[in-house]
Amino acid sequence: MAAIAALATVAVLLVAVKSSEIVLIVDPGEIVRSGYAVSKTISNSAAAIALGTAFLLAAAVPVHEPSRRSLFRLLRSSAAVWAIAGFVASVFTFANISGVPLNEAGTAAFWSQFSFYSTGIELGQAWTTTIAAAVLVTVWASLTHSPGHAAALAGVSALALIPLAQQGHAAGSASHNLAVVSILMHVLFASIWVGGLVALVWLRRTLPGHLFPVVLRRYSAIAFAAFVAVALSGLVSATIRITDPATLTTTSYGLIVLGKVVVLVLAGILAALFRTWLLPHIHTGRTRLFWALAAVEVTFMGVASGLAGVLARTAPPGAEQEIYETGPVTAAESLTGSVFPAPPPSWVTVFQGQPDPFWLLLIIFSAATYLLATRAQRRAGTPWSWHRSAPFLAGLLVVLWVTCGPLSIYATYLLSSYVVTIVALLLAGACIAQGRPGHLALATLRLREDGTRGPREWATFLLRRPLGLFDDSPLGVGLVVLVTVVLAMIPAGMRWAVTEPLGRVVVLTAVVVAGAVMGSALRRALTGRRAGDIALIGGLAACALAGTAVTLLGSTVMLDWFKTMNPGGHPAADADQRLGSVILLISAAATALTAAVLALRALTGPRAATPSLTSEDSHS
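Residues numbered from 1 in each chain as written. Predicted model: local features only at pLDDT ≥ 70, side-chain atom pairs only at ≥ 80, totals over all residues. Heavy atoms only, no water.

Draft legend 1. Fine view of the packing of helix H4 (residues 108–120) against helix H5 (residues 122–143). Contact geometry of H4 with H5 gives a least axis separation of 5 Å together with a crossing angle of 85 degrees. One element, H4, and the other, H5, form an angle in the roughly perpendicular class. Contacts between H4 and H5 involve Tyr-117, Ser-118, Thr-119 and Gly-120 on the former and, on the latter, Glu-122, Leu-123, Gly-124, Gln-125, Trp-127 and Thr-128. Considered class by class, the residues forming the contact of H4 with H5 number three nonpolar, six polar and one charged. (Axes fitted to C-alpha atoms, helices over the stretch in contact; angles between N-to-C directions. Helix = DSSP H or I, 4+ residues; strand = E, 2+ residues; numbered from the N terminus. Parallel < 35°, antiparallel > 145°, perpendicular 65-115°, else oblique. Contact = heavy atoms within 4.5 Å. Nonpolar A, V, L, I, M, F, W, Y, C, P; charged D, E, K, R; others polar.)

Draft legend 2. Quick look at a nonpolar patch on the surface. Together, Val-261, Val-262, Val-265, Leu-266, Ile-269 and Leu-273 make up an exposed nonpolar region whose accessible area comes to about 460 Å². Here Val-261 is to be found in helix H11 (residues 252–278). In this structure Val-261 comes out as partly exposed when scored by relative accessible area, which is 44%. (Patch = residues over 30% accessible without salt bridge, like charges linked within 9 Å, V, L, I, M, F, W, Y side chains within 5 Å. Areas by Shrake-Rupley, 256 points an atom, 1.4 Å probe, with all protein chains shown as cover. Salt bridge = Lys/Arg side-chain N within 4 Å of Asp/Glu carboxyl O. Buried < 20%, exposed > 50% of the residue type's maximum accessible area, 1.4 Å probe, protein only.)

Draft legend 3. Representation of the packing of aromatic side chains in the model. For the structure shown, the criterion picks out 11 aromatic pairs. Ring geometry for Phe-94 versus Tyr-117: centroids 5.4 Å apart, planes at 40 degrees, classification tilted. Of the two residues, Phe-94 sits in helix H3 (residues 65–98) while Tyr-117 sits in helix H4, which places them 23 residues apart along the sequence. A single burial state applies to Phe-94 and to Tyr-117, both of which are buried. (Phe/Tyr/Trp six-rings, centres within 6.5 Å; stacked < 30°, edge-to-face > 60°.)

Draft legend 4. Representation of H4. Counted at 1.5 Å a residue, the expected span for H4 with its 13 residues is 18 Å, and the 18 Å between its end C-alpha atoms agrees. When we look at burial in H4, the residues that qualify are Phe-110, Phe-114, Tyr-117 and Ser-118. The buried residues of H4 all sit within an arc of 95 degrees when viewed along its axis, so they share a single face. Residues Ala-108, Phe-116 and Thr-119 are exposed on H4 and point more than 90 degrees away from its buried face. Contacts from the buried residues of H4 go to H3 and H5. (Expected span 1.5 Å × (residues − 1). Arc of directions from axis to C-beta.)

Draft legend 5. Quick peek at the environment of Ala-390. Of note, Ala-390 is situated in helix H17 (residues 386–404). Once the C-alpha coordinates of Ala-390 and Cys-431 are considered, the two residues, 41 residues apart in sequence, prove to be 8.9 Å apart.

Draft legend 6. Structural detail: helix H25 (residues 531–551). Between its first and last C-alpha, H25 extends 30 Å over 21 residues, near the 30 Å set by a 1.5 Å rise per residue. Buried within H25 we find Ala-531, Ile-534, Ile-537, Gly-538, Leu-540, Ala-541, Ala-542, Ala-544, Leu-545, Thr-548 and Ala-549.

Draft legend 7. Focus on the environment of Leu-526. Within the element layout of this structure, Leu-526 appears in helix H24 (residues 501–527). As for Leu-526 and Leu-600, which are separated by 74 residues in sequence, their C-alpha atoms are 9.6 Å apart. With residues near it in sequence (within four places) discarded, Leu-526 still touches Ile-534, Leu-598, Arg-601 and Ala-602.

Shown next, in the form of structure tokens:
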């Protein structure tokens with residue numbers, strides 16, 4: 001039903017949208033234009049079903065072998081369609097950008113050029129990566145029926161969405177990093193929402209009636225989070241491309257965006273009806289009304305998918321090319337697609353920012369979840385001290401300021417700003433750990449007893465395995481911090497974080513996690529009066545900061561980039577790097593001094609028994 005609605009939407013829009021508003025390098029003809037839109041829509045729909053099904057299998061479906069086998073059949077079938085439709089869409093894309101007529105597809109020359117496009121051109125490589133991932137999911141899903149493997153398949157499917165999200169309008173956007181992150185979030189969470197609902201409808205044939213309300217409640221929570229993420233990322237993405245509200249009603253692009261907004265609102269209303277009205281009564285047997293509402297919502301989602309498929313091929317109303325239309329641009333502006341910001345420091349720049357939907361959503365969700373959990377603890381008669389909540393919330397505020405404030409802009413242009421970003425996030429992670437979020441989660445989240453992994457199970461898995469490895473190993477904790485800082489500051493890691501949206505997310509997340517691991521270990525060592533552990537962890541962290549500071553005293557790092565980004569050229573970039581080195585040296589000294597103070601306090605303070613992370617969790 002969703003596929004039919006999507007294809008019908010595409011067919012109508014292909015007729016309604018003017019050919020002059022379709023993004024084309026050369027005009028390949030109606031067959032290629034229509035064929036691409038249809039095949040891309042089918043590919044997107046199949047990818048959403050594959051990801052949503054894998055996610056539902058990993059997080060919501062109880063142990064019931066017929067249901068799991070049925071969902072794995074849906075998963076591998078949708079992944080196979082994803083791969084086939086993706087290949088067809090890639091061929092149509094090649095015909096579009098190369099100008100080679102599609103009627104030459106029977107010749108060796110056509111496929112020779114297509115082979116070069118698939119392996120040597122960035123857009124072709126993105127399609128090839130996505131198709132290969134879809135094939136991998138198809139084969140993998142044919143060999144297993146384990147929920148653990150379903151989680152891995154969900155991860156592979158999500159990663160497969162990244163290459164194409166970095167292409168298209170986002171590549172030329174006036175806010176490249178923000179546009180790519182917004183598109184990726186939009187596609188990822190929309191896929192989980194849509195695909196999860198399709199999988200839920202598919203389950204009706206095999207899932208026993210008494211298990212259905214359980215799965216529906218879990219999906220409802222997932223869908224609510226996905227709806228918020230889709231709405232937030234869609235809003236950011238639209239504001240990047242539409243700078244004049246009048247174009248919402250005067251251009252095809254604006255009208256399609258309005259259509260997506262209407263469909264999203266209607267789907268959200270239906271989702272709210274599920275959660276607030278129908279869900280509490282589903283156990284009474286009112287399933288007929290549920291399936292009617294589900295069919296309507298699936299249809300709406302199919303329409304949204306069709307709108308998205310055509311929107312990707314429709315030219316925005318000039319917003320993305322605006323910087324180039326205003327006159328000559330600098331080399332820095334041509335690389336970033338953004339107007340060069342005001343030179344820091346000034347009081348104006350302190351309050352500038354560029355809201356990142358990924359970090360904004362993560363911080364809001366973390367703060368809300370933490371505060372709700374502390375309220376649950378108070379209601380249960382075990383109040384949660386503000387001595388824990390305050391540093392946690394302060395750490396989140398630092399992360400918010402770094403990732404959505406002025407440093408989110410200036411870290412692209414100034415190495416010193418990038419250095420401040422790394423140091424601040426390391427400190428923020430240490431503050432977050434003082435709030436003991438893992439312990440709070442394990443104390444308040446409900447334990448599942450049906451063989452599935454919910455939030456508590458995943459929290460236990462992460463705390464006891466990856467993070468639990470460093471529970472009683474100060475050397476391991478220190479090495480984690482050292483390696484993370486070094487990797488973030490070497491030219492390859494720095495270039496990835498500064499120039500690539502995905503790299504920025506990965507590197508900054510790794511730094512926050514490393515800071516949290518360090519902060520948690522220091523807290524346990526201080527409570528257990530293990531002064532040697534504190535000295536070792538603090539010493540390795542200080543060495544990491546000081547060592548990278550020394551490397552910045554040499555030749556200019558990423559000279560090709562920062563020389564271009566800095567209006568003063570090479571001398572100014574070199575001076576800014578020296579400033580970054582000074583910041584690191586000061587941070588190293590502060591880290592060593594803090595470690596010394598904590599070690600002294602551990603030697604002189606009262607001894608208190610400190611359970612290990614894993615034993616602490618087991619009593620939560």
